[in-house]
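Notes for the structure review
Take a look at the letters that make up each chain.
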Amino acid sequence: MKMKSTSKNRRTFLKSAGVLAGTALVTPTYSFNINKSKPKLSKEVIGHGDFKYRVHKEWGNLDPAKTPINNCHEMVMDSKGRLIMVGDETKNNILIYDKSGKLLDSWGHDFPGGHGLTLSNEGGEDMLFICDPNISKVFKATVDGKILLTIDHPKTIGIYKEDDPFKPTETAIGPNGDIYVADGYGSQYIIQYNSKGEYIRHFGGKGDGDDKFDTAHGVCLDTRDKKNPTLICTSRSHNSFKRFSLDGKYLSTIFLPGAFVCRAVIDDDNIYAGVCWSRLKYLNRTNDSGFVTILDKKDKVISNPAGTAPEYRNGELQLMVQETPVFNHCHDVCIDEDKNIYVCQWNAHQTYPIKLERV
């Protein structure tokens, strides 16, 4: 079923969304069902300004009888230009594509909740860090699947109490090899280990303070300022990224109203992120309302492929929501050297990654 609202209706909705709290908000009802059928070649272009893209929904399609997927969670590009994806289908947790969408390899049967995937280069060799919140573990592995290190539940070393949940969703690797683990579905901490997996510190925790999180879904190393690397941590239900020093001190917040962002992905001067949900009906989190958001080096939103155009009033970013129903729930993005975007989706009818071709 096609979405009943038009772009004009969406813009009308956004204007009505600016009313003060306590004022009655009357909004139209939308339908968010996405067609399961996919065009072989899309002429649709989405995005804003210099960051516009042609949609290729069939880019990553494979035979589900041979290479099934459930949720496409995250993707990275290795030093050979291969696109490596993690999912939670244990028949093949890891799928390795070339940039044409051809499957090169697959492996992995032990990650029932395969969720976070981070690439680190150590002495010229690519390493993968895989988070599985279902079994409360983080793994370091080679790109062909050899497990080199396992980080277990923090209760085993006395950091967490016995009944504190640990459901890791993401990692980031520091300049010195330190491992930062985002306990995004658990106790909402960022936990810092050294390269051997030995505990250093943890910070954050659940709450509404500036240095707290509500769904600490991602963590990313930001080295755009070479002299001052920092961490960009996701607080998804707060619709924000929060910046911390490498030793866990809160620095600032990037507020992204309306956007339930996943992890930050940095390419050149820009931050890219998948938006899993946006605040549509009654300003609540709405299913099948994802888009992609792109920020510049000043942390200002410059494009929202499949979302509404970013608008600033008196320096404040206004509400952003899905405008074009291209996506269900964008969970991660990966950027290649031609600045194309590959989008992994959660809860999207078992569909494979989508390519956004830069135009």
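All figures in this text were calculated on a predicted structure; none of them were measured in a lab.

As a further point, take the overall build of the protein. For the protein, the count of helices and strands is one helix and 29 strands. Relative to its full complement of 359 residues, the protein shows a buried share of 55%. Partitioning the contacts of the protein with sequence separation of at least 6, the portion at a separation of at least 24 is 47%. With the model as given, the accessible surface of the protein reaches about 15,800 Å², and the carbon-plus-sulfur share is 47%.

Turning our eyes to something else, we now look at the pairing of strand β11 (residues 170-173). Residue alternation in β11 divides its side chains into two sets, Glu170 and Ala172 and Thr171 and Ile173, and both sets are buried. Alignment of β11 against strand β12 (residues 179-182), held across four bridges, turns out to be antiparallel. Pairing of Thr171 across the sheet is with Val181, part of β12. Where β11 folds back on β12, the antiparallel hairpin that results is connected by five residues, among which Gly177 adopts a positive phi of roughly 95 degrees.

So, on to unusual backbone geometry. Notably, Tyr282 is not glycine yet its phi reads approximately 60 degrees, a positive angle. Tracing the backbone through its elements, the reader meets Tyr282 in the loop between β21 (270-279) and β22 (285-286). Even without being glycine, Lys339 reaches a positive phi, approximately 70 degrees. The topology assignment puts Lys339 in the loop between β27 (330-335) and β28 (341-345).

Read from one edge to the other, the open sheet built from five strands follows the order β1-β2-β29-β28-β27, with strand pairing classed as antiparallel. Edge strands, defined here as strands with exactly one partner in the open sheet, are β1 (45-48) and β27. Strand-to-strand twist across the sheet, computed as the mean angle between neighbouring axes with direction ignored, equals 30 degrees. Sheet topology places strand β2 (residues 51-56) next to strand β29 (residues 354-358); four bridges connect them, and they run antiparallel. Looking at β29, one finds that Arg54 is bridged to Glu357.

In this section: the nonpolar core. Core analysis: the largest hydrophobic core is formed by 34 residues, its most contacted members being Phe241, Leu256, Val292, Phe327, Ile341 and Leu356. When residues of this core are traced back to their parent elements, those giving at least two are β2, β19 (259-261), β21, β23 (291-295), β27, β28 and β29. Those residues in contact with Ile341 that lie beyond four places of it in its chain are Tyr53, Tyr272, Val292, Ile294, Val333, Cys334, Ile335, Ile354, Lys355 and Leu356. Ranked by size, the runner-up nonpolar core spans 14 residues in total, among them Cys131, Leu149, Ile159 and Ile179.

Turning next to the pattern of salt bridges. For the structure shown, the criterion picks out 17 salt bridges. Note that Arg243 is salt-bridged to Asp222, the shortest N-O span being 2.8 Å. Here Asp222 lies in strand β15 (residues 219-222) and Arg243 lies in strand β17 (residues 240-244), a separation of 21 residues in the sequence. For Asp222, a relative accessible area of 5% gives the class buried. A network of salt bridges, in which partner residues are shared, links Glu74, Glu170, Arg263 and Asp332.

Structurally, Phe260 can be placed in strand β19. Here Phe260 falls in the buried class, since its relative accessible area comes to 4%. Aside from chain neighbours lying at most four places away, what touches Phe260 is Arg236, Ser237, Asn239, Gly274, Val275, Cys276, Trp277, Ser278, Arg279 and Arg285.

Moving on: the sheet that holds strand β3 (residues 72-77). The strand order β3-β4-β5-β6 describes an open sheet built from four strands, whose pairing is antiparallel. Two strands bound the open sheet, and with one partner strand each, they are β3 and β6 (103-107). The sheet shows a mean angle of 20 degrees between the axes of neighbouring strands, taken without regard to direction. For β3 and strand β4 (residues 83-87), the ladder comprises five bridges, and the chain directions are antiparallel. Residue pairing for β4: Val76 is matched across the bridge by Ile84.

For the rest of this paragraph, the subject is the packing of aromatic side chains. Here a ring pair, both rings aromatic, is described through the centre-centre distance and the interplanar angle of the planes. Here the structure, examined in full by the defined rule, presents eleven aromatic pairs. Geometrically, the ring pair formed by Trp59 and Tyr342 is tilted, given 4.8 Å between the ring centres and 55 degrees between the ring planes. Placement of the pair is Trp59 in the loop between β2 and β3 and Tyr342 in strand β28, with a sequence separation of 283 residues. Take Trp59: its relative accessible area is 10%, and that puts it in the buried class. Residue classification places Tyr342 among the buried positions, given a relative accessible area of 0%. Considering the side-chain rings of Tyr160 and Phe166, the 6.1 Å spacing of their centres and the 85 degrees angle between planes classify their relative orientation as edge-to-face.

Thresholds applied
- Residues numbered from 1 in each chain as written.
- Predicted model: local features only at pLDDT ≥ 70, side-chain atom pairs only at ≥ 80, totals over all residues.
- Heavy atoms only, no water.
- Helix = DSSP H or I, 4+ residues; strand = E, 2+ residues; numbered from the N terminus.
- Buried < 20%, exposed > 50% of the residue type's maximum accessible area, 1.4 Å probe, protein only.
- Contact = heavy atoms within 4.5 Å.
- Areas by Shrake-Rupley, 256 points an atom, 1.4 Å probe, with all protein chains shown as cover.
- Pairing = 2+ DSSP bridges.
- Axes fitted to C-alpha atoms, helices over the stretch in contact; angles between N-to-C directions.
- Core = buried A, V, L, I, M, F, W, Y, C linked by side-chain atoms within 4.5 Å.
- Salt bridge = Lys/Arg side-chain N within 4 Å of Asp/Glu carboxyl O.
- Phe/Tyr/Trp six-rings, centres within 6.5 Å; stacked < 30°, edge-to-face > 60°.

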